[in-house]
Amino acid sequence: MMAALASVTLVPQAHAHRGHDAMSVVTLLPDGKVTVSHRFEAHDLEPALAEIAPNAQTSLDDPDAIAELKTYLLAHFSVSADGIAVPLTVASVEVGVRDVRVDYAGTVQGRPKAVAVKSTILRDIYPRQVNQVSVRRGQYVQTLRFSGDEVKTVALP
């Protein structure tokens, strides 16, 4: 009886798998610069390269896969300030054993009153993907959660 009870309680744990998620930080600086930093766990991102970069190796060590990843991220993440799209360019890519960080940079005119964000990163590959995006300006920070293709707007102080 005790063995049967133990096996029943262990079944959910044996099949438990953490969900896929990504973290992005959008920072608006006083000089009009905008930075976007995407962070992923390497074990989530590397298998996704088969779909993101089908003509490259499914490896974070492959420069062709990284080039496709940069393009993919630009296509699946957008920021606009006061209704005007913020063009982003790649600033840096850091591939570690456990983490991958891809940074983008852009600029805005003036001091925007609102920022709109859309993040569908990896949603086409992992249906349960949840993306968190923190929007920062000075000491103000607001974190958004994306689990679909919605656009969310942050009113800035």
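A. Structural context of the nonpolar core. Counting residues in each nonpolar core, the largest one holds 40 residues, and the members touching the most others are Val 26, Leu 122 and Val 135. For Val 135, the residues in contact, after removing those within four places along its chain, are Val 26, Leu 28, Val 117, Tyr 140, Val 141, Gln 142, Leu 144, Val 154 and Leu 156.

B. Just unusual backbone geometry, in detail. For Asp 82, which is not a glycine, the phi torsion comes out positive at approximately 50°. Tracing the backbone through its elements, the reader meets Asp 82 in the loop between strand E3 (77-81) and strand E4 (84-85). Residue class for Asp 82 comes out partly exposed when judged on its relative accessible area of 45%. The phi torsion at Leu 122 lies on the positive side, around 65°, for a residue other than glycine. Along the chain, the position of Leu 122 falls in the loop between strand E7 (114-119) and strand E8 (130-137).

C. Structural detail: the sheet that holds strand E2 (residues 33-41). Strands sit in the order E5-E6-E2-E1-E8-E9 across an open sheet of six strands; the sheet is mixed. Two strands lie at the open edges of the sheet, namely strand E5 (89-95) and strand E9 (140-146), each paired on one side alone. Across the sheet, the mean angle separating the axes of adjacent strands is 15° when strand polarity is ignored. On the sheet, helix H2 (residues 42-52) packs against strand E1 (21-28), E2 and strand E6 (99-107) and is oriented at approximately 90° with respect to E2. Sheet contacts for helix H3 (residues 63-76): E2, E5 and E6; angle to E6, the most-contacted strand, approximately 55°.

D. Quick peek at the sheet that holds E7. Spatial strand order, E4-E3-E7-E10: four strands in an open sheet with antiparallel pairing. Sheet topology places E4 and strand E10 (151-155) at the edges, where each strand pairs with a single neighbour. Set on the sheet, H3 makes contact with E3 and E7; between it and E3 the angle comes to about 50°.

E. Representation of the pattern of salt bridges within the structure. Tallying each qualifying case throughout the model produces three salt bridges. In this structure, Asp 31 engages Lys 33 in a salt bridge whose closest nitrogen and oxygen atoms are separated by 4.0 Å. Among the residues examined, Lys 33 registers a relative accessible area of 45% and is labelled partly exposed.

F. The arrangement of the pairing of E1 in detail. Within E1, six of the eight residues are buried, which leaves the element mostly enclosed by the surrounding structure. Relative to E8, E1 is paired through eight bridges, and the arrangement is parallel. Residue pairing across strands places Thr 27 opposite Arg 136, the latter belonging to E8. Across six bridges, the pairing between E1 and E2 is antiparallel. Across the sheet, Met 23 pairs through a bridge with Arg 39, a residue of E2. Between E1 and E2, which pair antiparallel and follow one another directly, the connecting turn spans four residues, one of which, Gly 32, has a positive phi of 95°.

Quick notes on the rules
- Residues numbered from 1 in each chain as written.
- Predicted model: local features only at pLDDT ≥ 70, side-chain atom pairs only at ≥ 80, totals over all residues.
- Heavy atoms only, no water.
- Core = buried A, V, L, I, M, F, W, Y, C linked by side-chain atoms within 4.5 Å.
- Buried < 20%, exposed > 50% of the residue type's maximum accessible area, 1.4 Å probe, protein only.
- Contact = heavy atoms within 4.5 Å.
- Helix = DSSP H or I, 4+ residues; strand = E, 2+ residues; numbered from the N terminus.
- Pairing = 2+ DSSP bridges.
- Axes fitted to C-alpha atoms, helices over the stretch in contact; angles between N-to-C directions.
- Salt bridge = Lys/Arg side-chain N within 4 Å of Asp/Glu carboxyl O.

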